[in-house]
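Structural description and commentary
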Amino acid sequence: MEVLLFKVQIYYSTLRIALIFLLSIGYSAHASSNTGYVDNYIAKSYFNRYDSLVDQEFDYFVANEIPLGLFKVLKDKYHVLPTLSGLHRNVAGEGSHRHLSSSIRFKLPHELKPELIAHSCEVIIIERLPSGVFADPFELQHLVQRDVFTDVAVFGDKNLELPSFRSNRTVVEIHMSIASKMFSSHEDDLVVNLGVPLHARYPALGLGFSRVQFRQPDLFMCCNIEENRSCVSMAIVDSEASSDVWEIPCGIKEHARIVSVVTFAFAVITALLLVSASATYSI
Amino acid sequence: MPEMRFRSLLIFSALFRVFLILYGEWQDAHMEVRYTDVDYFVFSDAATLMAGGKSPYDRLTYRYSPLIAFLLIPNSFLHRSWGKFLFSASDLLVGLLIHRILKLRGVPEKLCTYSTMLWLFNPFTFTIGTRGNCEPIVCSMILWILICLMNDHILQAAFWYGLVVHLRIYPIIYALPIIILLDPLYFQPGKKPTLVNWSSSTSKSSWETSYTKITGLQYICNFFSSLITWRRVMFGFVSGSTFLMLTGLCFHLYGWEFLNGALLYHLTRTDPRHNFSIYFYHIYLHYEDEFSIVEKLVSFLPQFIVQLVLISRFALDLPFCLFLQTLAFVAFNKVITAQYFVWFLCLLPLIFPWSNMKLKWKGVACISVWIGAQTHWLMWGYLLEFRGKNVFLQLWLASLLFLAANTFVIINVIRSHVYCPLFRPLQSNSSKSVKDD
């Protein structure tokens, strides 16, 4: 009896030491400060205000609540503006995991280039993903680490597992520093090629396939001018025809009854077989 | 000599796993398809968050106890592969513990070594740890609990049991057979229970005459009359309080995020996405409607009945019971992912020496049927996920076939098993054993 009590004491002492150790890690969780993001994401400001993505609200937000003063600064100081000369889009790949490829061509006057580099200007691409697809923030961060993008952030619904009818839309904001893209430019053109890895959600039930269509991205150029962040919206006027439609297989509603009946019947039959095998086993 | 052979086996297995980890690092850096499991990055990220004083549940899809992330904290300051080395070391520990259990049960050395090789050289198991999956840690705990029970270290067994249920939940299905095993029939004060030797199980007649045979009804009566025993109460109390303390501590540190992510998610998980389970398509087709209580109960019933029957028949042959229970549990579960297979693969070597199944041709048939059904499912899964074909119906039929394959394997394993209880009942004079009429 005493040996048993002694053993119990040893076990609980060990447990206490482990608990103290864990608590010290855990309490530092409450003492730490929140570093947070540097707030230079356009979409983040939108989601600070609104719960979910609604296209009309986002259009209004872009038109009225982003500091679009870069237009005036560039016009006044340099009398020239960067313009968008072409946009080609494509959903590449097969199956549930594809890439949304965009090739964006800018006309960038020669005299602007050193200024844009000096002011850490970036091209910002905002993809408002349709309901039915999502982007994995961790996968995108991996691309940032490999210098594919300068920076990327995902807003809206970040759940990777729920089907589309239980999810909200996602917004992906990609930053590409102009300085890093200069080597691929010739003359006055700047070409930005990017591929965003996307994944399909399970769509709502239907007749076989669910069609997901991508809208054009929102493009901006943003610079740091005199300690302020200033942007210009790049209007898309001429985009080539592209195959940016994704067909995702969906469950067929007509299967529901037969699948349920057969599933449960099968489970019961196999369970009975196992029960029978156990019962007839002679020990 | 036999010890040296087993030691060489372990060393070779260790070196092979180190090679795989190094290869995995190379593949991750140079090829698009990574060797490392996605879950490893989840653990790693959660551990980094934890090291920085944040909650590991800030990492999306981290659905484990904070203790797992805690183990991987050195990933952030030592090397990112620390976790893989830890899991592979647990993998080797599983091999060691399997060998120990079989030796304790008197299995001849050669058979011991072959059985252990079923784990150490199983391609499924050596990739699991080296890819960064934490299941080997859970498996090693389960085996350690078995060893503690065999050596009558009940409190230690109870502590580890409480811990492992906190980590993974599924071992809760072992509670009843363990309680049944802790029958006073096997325990004398101050003495370890006697283990039934492998050699005595080979001749059934000797095992029948050397002690009294207990009928099913008598056993049940005996069970209820001696239900409350010191060992059972202590096991339940210690394991229960260990579980509650760990869960309470984690809840105190991380709140509802922990409870939802690490416990409730697994208890209520209905994933509509395709997986090996027969239920996935049914769940997807009805996901827009809420599932009624009746529906949930009906889907749980086959699982529940199979578990009860297996326990009632085989509890005393504990390793065999645990193996069957785990295999059946996985097969009837609402969600089945490949990592769950490790849960019963670590118990397979423990029943191998008591199986009459010859490799030719029943053994080959079981292996082929099981792997074949899996491969068949994976083919349809590939067409759905990577080629975008609508093959939901075919994939669902493949999952039915997989359940059929599991059933085939379980029935054959039962039929070719030589029943061998873990403990030998005490002789009549000094025990409470029930005599035959």
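Below you will find a few notes about this structure. (Residues numbered from 1 in each chain as written. Chains lettered and ligands numbered in written order. Predicted model: local features only at pLDDT ≥ 70, side-chain atom pairs only at ≥ 80, totals over all residues. Heavy atoms only, no water.)

1. Topic: the overall build of chain B
Operational definition: By the criteria applied, helices consist of DSSP H or I runs no shorter than four residues and strands consist of E runs no shorter than two, each listed in order from the N terminus. Both definitions apply: the radius of gyration is a C-alpha atom measure, and the globule rule equals 2.2 Å times residues to the power 0.38. Only protein chains enter the calculation, and the probe is 1.4 Å; a residue is then buried if its accessible area is under 20% of its type maximum, exposed if over 50%, and partly exposed in between. In this description, contact between two residues means that some pair of their heavy atoms is separated by no more than 4.5 Å. Methods summary: accessible areas were calculated by the Shrake-Rupley approach with a probe of 1.4 Å, and residue burial reflects only the protein chains presented.
The helix and strand tally for chain B stands at 21 helices and zero strands. Against the globule reference of 22 Å for 437 residues, chain B gives a C-alpha radius of gyration of 23 Å, in line with a compact fold. Seen through its C-alpha atoms, chain B measures out along the principal axes to roughly 65 × 50 × 50 Å. Counting all 437 residues of chain B, 59% fall into the buried class. Counting only contacts in chain B whose residues sit at least 6 apart along the sequence, the fraction spanning at least 24 positions is 75%. Approximately 18,400 Å² of chain B is accessible, and the part contributed by carbon and sulfur atoms is 69%.

2. Focus on the state of the cysteines
Residue and element names in this part refer to chain A. Note the cut-off: Working definition: a disulfide is two cysteine sulfur atoms within 2.5 Å of each other.
For the structure on display, the rule yields two disulfides over all chains. Across a sulfur-sulfur distance of 1.9 Å, C121 and C223 are joined as a disulfide pair. One disulfide, between C121 and C223, carries an S-S torsion of 120 degrees and so falls in the right-handed class. You can see C121 sitting in the loop between helix 5 (113–118) and strand 3 (122–128) and its partner C223 sitting in strand 9 (residues 218–225), a full 102 residues away along the chain. Like C121, the residue C223 is buried in the burial classification. With a sulfur-sulfur separation of 2.0 Å, C222 is cross-linked through a disulfide to C231. Looking along the S-S bond of the C222-C231 disulfide, the torsion reads about 105 degrees, which is the right-handed sense. There is no split in this pair, since C222 and C231 are both buried.

3. Considerations on the sheet that holds strand 10 (residues 228–234) of chain A
Residues and elements named next belong to chain A. Put simply, the test is: Pairing between strands requires that DSSP locate at least two bridges from one strand to the other. Under this scheme, a helix contributes an axis fitted over its contacting stretch, all axes are lines through C-alpha atoms, and angles between N-to-C directions fall in the 0 to 180 degree range.
Read across the open sheet, the five strands follow the order 5-6-3-9-10; overall the sheet is antiparallel. The open sheet terminates on both sides in strands that have one partner only, identified here as strand 5 (151–156) and strand 10. Across the sheet, the axes of successive neighbouring strands diverge by a mean angle of 25 degrees, strand direction being ignored. For strand 9 and strand 10, the ladder comprises seven bridges, and the chain directions are antiparallel. Bridge assignment links F220 to a residue of strand 10, and that residue is S233. Against the sheet, helix 3 (residues 55–65) makes contact with strand 3 and strand 9, and its axis sits at roughly 160 degrees relative to strand 3, the strand it touches most. On top of the sheet, helix 6 (residues 137–145) reaches strand 5 and strand 6 (170–177); it is set at about 165 degrees to strand 5, its chief contact.

4. Concerning helix 16 (residues 293–314) of chain B
Using the following cut-off: Each helix should span, by expectation, one fewer than its residue count multiplied by 1.5 Å. Bend, at a single residue, is the angle you get between axes fitted to the 7 residues ending at that residue and the 7 residues starting at it.
Here helix 16 of chain B spans 31 Å end to end across 22 residues, near enough to the 32 Å set by a 1.5 Å rise per residue. At L301 of chain B, helix 16 of chain B shows its largest bend, some 35 degrees, and a proline, P302 of chain B, comes one to four positions later. Buried residues of helix 16 of chain B: S299, P302, Q303, V306, Q307, V309, L310, I311 and F314 of chain B, and no others. Residues of helix 16 of chain B that are buried make contact with helix 8 (256–279) of chain A together with helix 10 (175–181), helix 17 (318–332) and helix 21 (392–415) of chain B.

5. Overview of the environment of A179 of chain A
Position of A179 of chain A among the secondary structure elements: in helix 7 (residues 178–181). Along the chain, A179 of chain A and H119 of chain A lie 60 residues apart, while their C-alpha atoms are 9.8 Å from each other.

6. Description of the packing of helix 17 of chain B against helix 21 of chain B
All names here are of chain B. The test is simple: Should an angle lie under 35 degrees it is considered roughly parallel, over 145 roughly antiparallel, and from 65 to 115 roughly perpendicular; all remaining angles are considered oblique. Definitions for this section: a left-handed crossing has its near helix turned counterclockwise from the far helix by less than a right angle. A right-handed crossing has that turn clockwise. Following the grouping adopted for this structure description, the nonpolar residues are Ala, Val, Leu, Ile, Met, Phe, Trp, Tyr, Cys and Pro, the charged ones are Asp, Glu, Lys and Arg, and the polar ones are all others, Gly among them.
Where helix 17 contacts helix 21, the two axes come as close as 10 Å, and the packing angle between them is 165 degrees. With respect to helix 21, the axis of helix 17 lies roughly antiparallel. Crossing of helix 17 over helix 21 shows left-handed handedness. Residues F320, F323, L324, L327, A328, A331 and F332 of helix 17 touch helix 21, and the partners they reach there are L403, N406, V409, I410, V413 and I414. Class assignment for the residues of the contact of helix 17 with helix 21 results in 12 nonpolar, one polar and no charged.

7. Describing a nonpolar patch on the surface
All names here are of chain B. To be explicit about the condition: A residue counts toward a patch only above 30% relative accessible area and without a salt bridge, and it is joined to like-charged neighbours within 9 Å or, for Val, Leu, Ile, Met, Phe, Trp and Tyr, to nonpolar neighbours within 5 Å. Here, a salt bridge means any side-chain nitrogen of Lys or Arg that lies within 4 Å of a carboxyl oxygen of Asp or Glu.
Together, L176, F300, L301, F304, I305 and L308 give the surface a local cluster of nonpolar side chains, amounting to about 520 Å² of exposed area. In terms of residues, the nonpolar patch owes the most to one element, helix 16, which gives five residues. Checked against the element boundaries, I305 lands in helix 16. You can call I305 partly exposed: its relative accessible area is 40%.

8. Structural notes on the sheet that holds strand 2 (residues 97–107) of chain A
All names here are of chain A. Within the open sheet, the four strands sit side by side as 1-2-7-4. Their pairing is antiparallel. In the strand order of this sheet, the two ends are held by strand 1 (83–92) and strand 4 (133–134), each with one partner. Note that strand 4 and strand 7 (residues 189–200) share two bridges and pair antiparallel. Bridged to F134 within strand 7 is H199.

9. Topic: the interface of chain B and chain A
Counted only if it meets this: Put simply, buried area is how much 1.4 Å-probe accessible surface two parts lose in total, over both of them, once they are put together. Whenever a nitrogen or oxygen atom comes within 3.5 Å of another N or O atom, the pair is scored as a polar contact, on the condition that within protein one atom can donate a hydrogen and the other can accept it, and that pairs from neighbouring residues in sequence are kept only if both atoms are in side chains.
Taken residue by residue, the interface counts 72 residues in chain B and 64 residues in chain A. With both chains or domains summed, chain B and chain A bury close to 6,500 Å², and 69% of this area falls on carbon and sulfur atoms. Scanning the region where chain B abuts chain A turns up 19 residue pairs in polar contact (both at pLDDT 80 or more). Every element with two or more residues in the side of chain B that touches chain A is listed here: helix 2 (38–51), helix 3 (66–71), helix 9 (154–168), helix 14 (230–268), helix 15 (280–285), helix 16, helix 20 (359–386) and helix 21 of chain B. In terms of residues, the side of chain B that touches chain A owes the most to one element, helix 14 of chain B, which gives 11 residues. Partitioning the side of chain B that touches chain A into residue classes produces 44 nonpolar, 15 polar and 13 charged.

10. Considering the packing of helix 2 (residues 42–49) of chain A against helix 3 of chain A
Residues and elements named next belong to chain A. Packing of helix 2 against helix 3 leaves a shortest axis separation of 11 Å and a crossing angle of 115 degrees. Here helix 2 runs over helix 3; the crossing is right-handed. Facing I42, S45, Y46 and R49 of helix 2, the residues of helix 3 in contact are E57, F58, F61 and E65. For the contact of helix 2 with helix 3, the residue count by class is four nonpolar, one polar and three charged.

11. Points about the packing of aromatic side chains
Residue and element names in this part refer to chain B. This is how the line gets drawn: In this scheme Phe, Tyr and Trp rings, the latter by its six-membered ring, pair at centre separations within 6.5 Å, and the angle between planes marks the pair as stacked below 30 degrees, edge-to-face above 60, and tilted otherwise. By the criterion adopted, a ring carries a charge over it if an Arg CZ or a Lys NZ lies within 6 Å of its centre and within 35 degrees of its normal.
The tally for this structure, following the rule as stated, stands at 50 aromatic pairs over all chains. Members of the aromatic cluster, joined through ring pairs, are Y40, F43, Y57, Y62, Y64, F87, Y254 and F258. The ring of Y265 has R63 lying over it, and the distance from NZ or CZ to the ring centre is 4.0 Å. Above the face of the Y40 ring, K84 is positioned so that its terminal group lies 5.5 Å from the ring centre.

12. Here's the deal with the pattern of salt bridges
In this structure the tally under the stated criterion is 21 salt bridges over all chains. Here D183 of chain B makes a salt bridge to R232 of chain B, at a shortest N to O gap of 3.7 Å. Of this pair, D183 of chain B sits in the loop between helix 10 and helix 11 (198–201) while R232 of chain B sits in helix 14, and the two are 49 residues apart along the sequence. Like R232 of chain B, D183 of chain B is buried. Linked through salt bridges whose partners overlap, the residues forming this network are D55, D59, R128, R169, R215 and D218 of chain A.

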